[in-house]
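# Structural characterization, general
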Amino acid sequence: MSKDLKRAAFLCAVMLALVSCGGKAEQKQTAQNGGDDAGDKTLKLMFPQMIEREGSAINGGTFVYGFVYDTPWKGVFNTFLYQDNPTYEVMRPRIGKFMTDGPNHEIKDGYCTMTFDREAKTATYHINEKLTWSDGVPVTAEDIIFVYECVGHPDYTGIRYDSEYENVVGMVEYHKGEAKTISGVKKIDDKTVEVTFKNFFPGILWGSGITYDAEPYHYLKDIPLAEMASHDRVRKTPLSCGPFVINSMVEGDIIEYVPNPYWYGRKIAIDKLIVKRIAPTSAAAAIKAGEVDAIQFKADLYDQFVELDDEGKTILDENGKPKMKIDNIDIVGNIENTYTYVGFKFGTWNKEKEMCEMFPDGGKFKDKALRQAIGYAMDNDGINAIYYHGLRVTANSFITPYHPGFYDVSRKGYSYDPDKAKQLLDEAGYKDVDGDGYRETPDGKPLKINFMFMSGSDVAAPIANYYIQNWKDVGLNVALNDGRLIEFNAFYDKLQDDDPTVEMYSAAWGVGSNPEPTGLYGKVAQFNLERWVNDKNEELLAKITSEAAFDEAFRAQAYKEWDENILEEAPAIPTAYRMKLYAVNKRTKNWDQQFVTGWDWCDLALINDKPAVNMMK
């Protein structure tokens, strides 16, 4: 796999009464999101996860979704060929919910249902009898087998062939060109496919080695795999088995969706769904003018919609809700399935052994007290308040709120405590011997730490300098690598190539449906960018993937023990959970961003044929 494709895999590895539309928004906030009946293991967020607006839906209308992005999407509308997240986001209406998630994102029934047999080591797809492609051809077993055979094909250069697919019986032989078919993928009948695995472990219940989508075999089978991503049947006229199908487009900028004429699910209320790309500089004006019905926006647009004080903090109204600057939208928000962190370098990747190998002398961060002190010295709450208007949550765990069954808000992480940082350093022998304001190592040598931080936003430099000042306040001499921020691609090249100048860095991980962390923190994980190896960590990771972990209580306890150990050992410090926010026009009947929801694009509806327009000045 090329370096660019590896990087792509790495990255794919965050209130007011209705004025003009005649309805009232019911803003539901579930227990997992910190509602009134929320328990101790929940987060309280500033905005609800969903809107259900009073008023009857009109029959028809056009819903406009504004996708805020500064460059055109690549437009490879195929679930095993696309590589960029923008393309995935804009093609979601054609996919729908082929499968749905359980409470912790384990696989549940969607258009396709799954049954698992641990003893036989099989997962069986059962396709809904009514599920039909938008050209009228039924979805069949061949459409699922087609995905497996394309991903496993020797000519496949995409990002989805990995060790999880190699756990499918016969996949490795097929991928090497030693077999014409995948022996572990079998058609039982037209609507049933059975997949057999070499090892059956709990992650399979979360989709390990399982395709979440089908693609139309009858429509694509005659296109050579090497040519498929550029073919018109993928880029311009893809079929759909979801609620909507592409009717027309301006490539990279606008997609006009219409209801799939063969859709079997819940009745679609709208006539058209327009997805249009909007430049970030135009997004606020578009939502205020009613040109779009919903957008996802980042913190840099927040002050266009919500009142802030002189310190950049959100002003609350008399009801304790954020005070709005405009009156034609509601804001819906939730925690993204990502976390940011500061990591430490412990070694390098041994290509021959395919495993992490720690520095023989333990490296600069061999002392756990130093790592912990760096964590306690970081004022993540301050960064959140100053640079993100309170729209991030200081992370207390390597498990995110995206998996509420394993996340515990009461878990002790690294809150800002400079006195504790100083105490840890003092007790470990890191003292300012020469009186220059910076601590030396326990053996009296100068201690200077290189810190790699990524460029790309207006707040990148201020945040990096804020952290550096935090560490200076406890006597640690930290400076940016080469005295500058590092561009995105160069940043990850340095990390993956184990550039010796990189000692400490700030990055982020996206979390998939499967919370199992071996692929990021195991000793044989290439994405273990810290190159950290710890015997107890390996033992606890093994518990998470063990036979006993099929028991829900055992599994939850195994995750707890793993998280507590890695927090204690601190090979990295989790810093923040990011929020995703949507501005939703008040004519929109419903918009749902809960972690787990039955909402689908077919549920889109409007309560007025004209959008609400901002009337506030």
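Here, every reference points to the structure presented above.
Report follows, based on the coordinates. (Residues numbered from 1 in each chain as written. Predicted model: local features only at pLDDT ≥ 70, side-chain atom pairs only at ≥ 80, totals over all residues. Heavy atoms only, no water.)

Let's shift gears to the sheet that holds strand 8 (residues 185–189). Strand pairing in a sheet is mediated by backbone hydrogen bonds. Such pairs are either parallel or antiparallel. What the four strands build is an open sheet, ordered 6-7-9-8; its pairing is antiparallel. Where the open sheet ends on each side, the last strands, each with one partner, are strand 6 (112–117) and strand 8. Between one strand axis and the next, the sheet turns through 20° on average, direction left out of account. Examined bridge by bridge, strand 7 (residues 122–127) and strand 9 (residues 192–196) share five bridges and lie antiparallel to one another. Note on strand 9: the bridge partner recorded for Thr 124 is Glu 194. Helix 3 (residues 141–152) contacts strand 6, strand 7, strand 8 and strand 9 of the sheet and is inclined by roughly 180° relative to strand 8. (Pairing = 2+ DSSP bridges. Helix = DSSP H or I, 4+ residues; strand = E, 2+ residues; numbered from the N terminus. Axes fitted to C-alpha atoms, helices over the stretch in contact; angles between N-to-C directions. Contact = heavy atoms within 4.5 Å.)

Let's shift gears to the pattern of salt bridges. This structure, assessed with the given rule, holds 25 salt bridges. One salt bridge connects Lys 187 with Glu 142, and the closest N-O pair in it is separated by 2.7 Å. Placement of the pair is Lys 187 in strand 8 and Glu 142 in helix 3, with a sequence separation of 45 residues. Its relative accessible area of 38% is what places Lys 187 among the partly exposed residues. For Glu 142, a relative accessible area of 25% gives the class partly exposed. Linking Glu 564 and Lys 560 is a salt bridge whose minimum nitrogen-to-oxygen distance equals 2.7 Å. Remark: Lys 560 and Glu 564 occur in helix 17 (residues 552–569); sequence separation between them is four residues, near one turn of the helix. (Salt bridge = Lys/Arg side-chain N within 4 Å of Asp/Glu carboxyl O. Buried < 20%, exposed > 50% of the residue type's maximum accessible area, 1.4 Å probe, protein only.)

Positive phi values are uncommon outside glycine, yet His 105 reaches one of about 75°. Mapped onto the elements of the fold, His 105 is located in the loop between strand 4 (100–101) and strand 5 (107–108). Judged by its relative accessible area of 0%, His 105 is buried. The backbone of Glu 354 sits at a positive phi, close to 55°, despite the residue not being glycine. By secondary structure assignment, the location of Glu 354 is in the loop between strand 16 (347–350) and strand 17 (355–358). Classification of Glu 354 as exposed rests on a relative accessible area of 54%.

Another aspect to go through is the pairing of strand 11 (residues 254–259). For strand 10 (residues 244–250) and strand 11, the ladder comprises six bridges, and the chain directions are antiparallel. Paired with Phe 244 across the two strands is Pro 259, which belongs to strand 11. In textbook terms, the turn of a hairpin is the stretch between consecutive antiparallel strands, and for strand 10 and strand 11 this stretch comprises three residues, one of which, Gly 252, has a positive phi near 80°. For strand 11 and strand 12 (residues 272–278), the ladder comprises four bridges, and the chain directions are antiparallel. Pairing of Ile 255 across the sheet is with Val 275, part of strand 12.

As for its position among the elements, Asp 293 is in the loop between helix 9 (280–288) and strand 13 (294–297). We classify Asp 293 as buried; its relative accessible area is 1%. Separated by 2.7 Å, the side chains of Asp 293 and Arg 587 make a polar contact. Beyond its immediate stretch of four places on either side in the chain, Asp 293 contacts Thr 62, Phe 63, Val 64, Ile 287, Ala 583, Val 584, Asn 585, Arg 587, Thr 588, Leu 606 and Pro 611. (Polar contact = N/O pair within 3.5 Å; in protein donor to acceptor, adjacent residues only side chain to side chain.)

So, on to the pairing of strand 15 (residues 338–344). The element strand 15 is largely enclosed, with a buried count of seven among its seven residues. Judged by which residues are buried, strand 15 turns out to be covered on both faces: Thr 338, Thr 340, Val 342 and Phe 344 on one side and Tyr 339, Tyr 341 and Gly 343 on the other are all buried. Relative to strand 21 (residues 504–510), strand 15 runs antiparallel, the two sharing seven bridges. Within strand 21, the residue paired with Gly 343 across the bridge is Tyr 505. Taken together, the four bridges between strand 15 and strand 22 (residues 572–585) define a ladder with antiparallel strand orientation. Each bridged residue has a counterpart across the sheet, and for Thr 340 the counterpart in strand 22 is Ala 576.

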